[in-house]
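The chain contents come next:
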Amino acid sequence: MRNASIQYKKPINLKYLLALFSMFMVIASGAQPVINSFTPITGSTGTFGTTIVTINGSGFSTTPGNNIVFFGAAYAAATTASSTQLTVTAPAGATCKYLTVVNTETGLSGTVYSQNPFISTYSNEGSMNFPSTAAFTYTDAFDIPYFKMADIDGDGKVDIVHVDSSKVKILRNLSTPGNINFETINFYATPDINASNDISGLAIGDLTGDGKPEIVISSDSANGPNVKIYPNLSTPGVVNLGAYYNHVFVGLIIGNDIALADFDNDGKVDIVVPVFRTSDGAFNVLKNNYDAGTGFAFSTTSYTVPVSTNLRDGDVTNLIMADFDSDNLVDVGLVFHYYGFDSNFVNIVYNSSTVGNISFASHSGKITLGLGEDVEILGGKIYYAKAIDLDGDGKPDMASSNYQGNNITTLLNLGTRGSGNLATRVGVSIGVGTGPSALAIGDLDGDGKPDLVASASLFNTIVVQRNNAVTGNIRVAARRTFPVLTAPMYLEICDLDGDGLPEIIVSSKTNLNVYSSGLKKDKMFLPKLPF
């Protein structure tokens, strides 16, 4: 049963004024980079072509090489720079994430949440083909069924990071155009991990402001639930992680997933972890107080969503970081499954922070995403949701894969500044009994629009819903299905070999396969169907 359109209006005057004041103070200090806009928003990368992106804003270094621009998993140094404008060549491997600039002179970063990510495009628009034979196969135990991607060693190639019960493992990318290959020998042990509970979350981001992404995990250990940060000391071609910093939580149990975002716009990336089994949801934010001289330091902010008496306990399955109400503050989406209800929900907690002070003032209440399932598949989590602008209006919409519903659902963002509002969910079936578990978002047909891809865990396939949205209307073309490994759990989209075409990376509990795009010669003329 579909829920009614849910709208929650927040008091906006004071919060909006505080946010503007905070932003003014940051800009006035000349410290944190601020991205106002960038063009173009699509273009060729890798061997397919070169796209120069112009970024307008403030707080940039006037030395080009001191401005590192992250295009999701890939990053590149600026080629020209003033304090208010940068140019940079869009790197191969750019993924569907918000653009970030790190000023290594100040050690501060700025992310633009008001504009869609840069999307790599190519010719033969509208065509896609992924052969069933994997271009690369890796066998290992994936205790967390997901993995993360980033250029760890700064060599211009996107690497793959995953964990087992006690180790962080890095697959260093050795690929060349047309040839997918990885080095799989970089293991970093975490000896104090409690083997019965192991690692529960993995995230990657630059927490030190040096232009290199750190690896962050959440786990249980003999010393209690904790977050570990591995400083990135790598150089091109050589992966090197420093001794980890350990932050131990007292008196709580960490839930699934971990995420990174700058909540108070101070130019430092903070850490958020959910609290296990707390009805409508609770989470802790570790405010990043890193100093180059003294190292890592964090202060903790806790937030508990008011309990609804008619709901049972639920587990957070993943976290979504997005500015849902267009106030230039990144909000927290708690995605969770309620046991006994066979339903999946999201509760958006709205950010009311000012520089130096992290706070959350209100929340949306539970928003139904779709039908879930109480059980796990082969021991892995079975439900994911993500947020990205699907219709090109500059506001993050939401999409989810629903295992029991056998569909992908979307929620169009109808919010205005200071007022969050997600429309009633709308779904499209991907086939009876397919059991979609994970969801990835990226452009697979080269038209500059992010497509929706789900792993059909019971059919051993992935299902692509091509994005044909127009402003104010999310709509998709008929689905395409491609065979992959047995019981696929998690997947991502990224150009790994630098040929300008996307690969699909899919993992199960025991394997990770990379499927390269076939040369797109067959035009795919499919009708544009509304949900």
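Coordinates for the structure precede this section.
Residues numbered from 1 in each chain as written. Predicted model: local features only at pLDDT ≥ 70, side-chain atom pairs only at ≥ 80, totals over all residues. Heavy atoms only, no water.

Explain the pairing of strand 5 (residues 67–71) residue by residue, including any values.
Burial within strand 5 is extensive, with five of its five residues counted as buried. The two faces of strand 5 match: Asn67, Val69 and Phe71 on one face and Ile68 and Phe70 on the other face are all buried. Both strand 5 and strand 9 (residues 100–103) contribute to a ladder of four bridges, which runs antiparallel. Each residue of the ladder has a partner; that of valine 69, found in strand 9, is valine 101. Note that strand 5 and strand 6 (residues 74–77) share four bridges and pair antiparallel. Paired with phenylalanine 71 across the two strands is alanine 74, which belongs to strand 6. In sequence, strand 5 turns back onto strand 6 through a hairpin of two residues, with glycine 72 there showing a positive phi of about 75°. (Buried < 20%, exposed > 50% of the residue type's maximum accessible area, 1.4 Å probe, protein only. Helix = DSSP H or I, 4+ residues; strand = E, 2+ residues; numbered from the N terminus. Pairing = 2+ DSSP bridges.)

Residue-level account of the side chain of aspartate 499, with values.
One can find aspartate 499 in the loop between strand 39 (490–494) and strand 40 (503–507). Non-local contacts of aspartate 499, meaning those with residues more than four positions away in its chain, are made with Thr47, Phe48 and Pro177. (Contact = heavy atoms within 4.5 Å.)

So what's going on with the pattern of salt bridges? Residues and values would help.
According to the stated counting rule, one finds nine salt bridges in the structure shown. The closest approach of N and O atoms between arginine 172 and glutamate 183, which form a salt bridge, is 2.9 Å. With a gap of 11 residues between them, arginine 172 in strand 15 (residues 167–173) and glutamate 183 in strand 16 (residues 182–189) connect regions that are remote in the sequence. Since its relative accessible area comes to 23%, glutamate 183 is described here as partly exposed. One salt-bridge network, in which partners are shared between bridges, spans Asp153, Asp155, Arg172 and Glu183. (Salt bridge = Lys/Arg side-chain N within 4 Å of Asp/Glu carboxyl O.)

Now, about empty space enclosed by the protein: what can you tell me, with residues and values included?
Scanning the entire structure with this criterion turns up three cavities of 30 Å³ or more. What the largest cavity holds in volume is close to 200 Å³. Residue lining of the largest cavity: 18 residues in total, with Ala94, Ser120, Asp443, Ile493 and Pro502 positioned closest to the centre. Listing elements by their share of the lining of the largest cavity, those giving two or more residues are strand 11 (119–120), strand 34 (436–442) and strand 39. Among the residues making up the lining of the largest cavity, the classes are represented as 10 nonpolar, six polar and two charged. (1 Å grid on protein atoms, 1.4 Å probe; cavity = no way out; pocket = protein on both sides within 12 Å on 5 of 7 lines; lining within 4 Å. Points joined across faces, edges and corners; volume = space filled by probe spheres on them. Nonpolar A, V, L, I, M, F, W, Y, C, P; charged D, E, K, R; others polar.)

An account of the environment of threonine 481 is needed here, citing residue identities and associated values.
Within the secondary structure, threonine 481 sits in strand 38 (residues 480–483). Along the chain, threonine 481 and valine 463 lie 18 residues apart, while their C-alpha atoms are 4.5 Å from each other. In contact with threonine 481, not counting residues within four places along its chain, are Thr461, Ile462 and Val463.

Now, about the sheet that holds strand 29 (residues 384–388): what can you tell me, with residues and values included?
In a beta sheet, neighbouring strands are held together by backbone hydrogen bonds and run either parallel or antiparallel to one another. With antiparallel pairing, four strands are arranged side by side in an open sheet as 29-30-31-33. Edge strands, defined here as strands with exactly one partner in the open sheet, are strand 29 and strand 33 (426–429). Ignoring which end each strand starts from, the neighbouring axes of this sheet average 20° apart. (Axes fitted to C-alpha atoms, helices over the stretch in contact; angles between N-to-C directions.)

Which residues make up unusual backbone geometry, and what are the values?
Here the residue pair threonine 39 and proline 40 is connected by a cis peptide bond, since its omega of -10° sits within 30 degrees of zero. Tracing the sequence through the fold places proline 40 in the loop between strand 2 (34–39) and strand 3 (42–43). Phi angles above zero are rare outside glycine, and aspartate 257 is one such case at about 80°. Mapped onto the elements of the fold, aspartate 257 is located in the loop between strand 20 (245–248) and strand 21 (259–261).

Explain the environment of serine 508 to me, using residue names and the numbers behind them.
Within the fold, serine 508 resides in the loop between strand 40 and strand 41 (511–516). Considering only alpha carbons, one finds serine 508 and serine 457, 51 residues apart in sequence, at a separation of 8.9 Å. In this structure, serine 508 is in contact with Phe142, Leu485, Thr486, Ala487 and Met489, ignoring residues within four places of it in sequence. For serine 508, the side chain forms a polar contact with the main-chain nitrogen of threonine 510, separated by 3.2 Å. (Polar contact = N/O pair within 3.5 Å; in protein donor to acceptor, adjacent residues only side chain to side chain.)

Requested: an account of the pairing of strand 9, with residues and values cited.
The side-chain alternation of strand 9 yields two buried faces, one formed by Thr100 and Val102 and the other by Val101 and Asn103. In sequence, strand 9 turns back onto strand 10 (residues 108–111) through a hairpin of four residues, with glycine 107 there showing a positive phi of about 75°.

I'd love a proper account of the sheet that holds strand 19 (residues 226–230), names of residues and values included.
In spatial order, the strands read 17-18-19-20; together these four strands make up an open sheet with antiparallel pairing. Strand pairing shows two members of the sheet lacking a second neighbour, strand 17 (199–205) and strand 20, which therefore form its edges. Put simply, the sheet's adjacent strands are angled 15° from each other on average, direction ignored. Across five bridges, strand 18 (residues 214–219) lies against strand 19 in antiparallel orientation. Residue serine 219 lies in a different strand from strand 19, and its bridge partner there is asparagine 226.

Which residues make up the environment of isoleucine 152, and what are the values?
Note that isoleucine 152 resides in the loop between strand 13 (148–150) and strand 14 (159–163). Dropping the residues within four chain positions of it, isoleucine 152 is found in contact with Tyr75, Asp159, Val161, Ile170, Ile204, Pro213, Ile215, Asn232, Ser234, Val239 and Leu241.

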